Amino acid sequence: MSIRRFIGGAVALGAAAAGAVGVAGPASAAAPAAAVAVQDGHGKPAHGHGKGRAHGKGHGKGHGHGHGRHDSATAPERVLSNSALVRASREFVESARRHGNQRVTMVIMERAGTIRLVVRTRRAGPQTYVSAKAKAYTAVAFGQPTSALSGNETIKQIPGTLTLPGGVPVFYKGFPIAGIGVGGAPDGRIDEAIANDVLAAIER
């Protein structure tokens, strides 16, 4: 199977898992906020330099007219874009190849717990998905690379977490909006190197 066909199938899988998807990309804490554009809670691009805008008014003037109002105190959700997921898929496959043709799986999970993307290289075992999912969850939940949490005994007791290397968070304005988890390499440092390559591709 060619890489192009593999990437296309992976992106289709990610989109199916996501339902509604974003239209603009994120940035890490190290990237300037001015370079970021994100989707707001209504499926529209946020305005300005990456700030979302909650819409305070609905189409009607109250419940008496059947339309009601949006809650002006509701903050929009920031999500990764389709184009960011395409870049992530491509870089994951290439990085796994560069690091010794690793049989690994990548999971990208958003802050709400939604899995936006799953990609596996050929012959990656089923346990690699379980590992990648747990690392993505841990990275986005605690806003740190999983390797930095290896000594935290409290986190280890929380169901669904995994503090082995291979999970890295994606930040928007200093807040974790997604986690990238990679599992399956014989050394967790390889998983983490691949995850960091994917993060760099998302930030581009």
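Refer to the structure above for everything that follows.
Residues numbered from 1 in each chain as written. Predicted model: local features only at pLDDT ≥ 70, side-chain atom pairs only at ≥ 80, totals over all residues. Heavy atoms only, no water.

(A) Structural view of unusual backbone geometry. A positive phi is found at Asn 101, a non-glycine position, where the angle reads about 50 degrees. Mapped onto the elements, Asn 101 comes out in the loop between helix 2 (82–98) and strand 1 (105–110). The backbone phi angle of Lys 173 is positive, close to 55 degrees, even though this residue is not glycine. Inspection of the secondary structure assignment puts Lys 173 in the loop between strand 3 (167–172) and strand 4 (175–183). Looking at Lys 173, the relative accessible area reads 42%, which means it is partly exposed. (Helix = DSSP H or I, 4+ residues; strand = E, 2+ residues; numbered from the N terminus. Buried < 20%, exposed > 50% of the residue type's maximum accessible area, 1.4 Å probe, protein only.)

(B) Representation of the pattern of salt bridges within the structure. In this structure the tally under the stated criterion is 7 salt bridges. Residue Lys 135 is joined to Asp 191 by a salt bridge in which the shortest nitrogen-to-oxygen separation is 3.1 Å. Of the two residues, Lys 135 is situated in helix 3 (residues 126–142) and Asp 191 in helix 5 (residues 188–203); the sequence distance between them amounts to 56 residues. Take Asp 191: its relative accessible area is 3%, and that puts it in the buried class. With a shortest N-O distance of 2.7 Å, Asp 187 and Arg 189 are connected by a salt bridge. (Salt bridge = Lys/Arg side-chain N within 4 Å of Asp/Glu carboxyl O.)

(C) Fine view of the nonpolar core. Counting residues in each nonpolar core, the largest one holds 25 residues, and the members touching the most others are Phe 92, Met 106, Ile 108 and Ile 180. Of all the secondary-structure elements, those providing two or more residues to this core are helix 2, strand 1, strand 2 (115–120), strand 3, strand 4 and helix 5. Counting 6 residues, the second-largest nonpolar core is a separate cluster that includes Met 109, Ile 115, Val 118 and Ala 136. (Core = buried A, V, L, I, M, F, W, Y, C linked by side-chain atoms within 4.5 Å.)

(D) Molecular detail of the sheet that holds strand 4. Taking strand neighbours across the sheet as the criterion, the 4 strands line up as 2-1-4-3 in an open arrangement whose pairing is antiparallel. Looking along the sheet, the strands with just one partner apiece sit at the ends: strand 2 and strand 3. Going from strand to strand, the sheet's axes swing by 15 degrees on average, the running direction of each strand aside. As paired strands, strand 3 and strand 4 are joined by 6 bridges and run antiparallel to one another. The partner of Phe 171 across the bridge, within strand 4, is Pro 176. On top of the sheet, helix 5 reaches strand 1, strand 3 and strand 4; it is set at about 135 degrees to strand 4, its chief contact. (Pairing = 2+ DSSP bridges. Axes fitted to C-alpha atoms, helices over the stretch in contact; angles between N-to-C directions. Contact = heavy atoms within 4.5 Å.)

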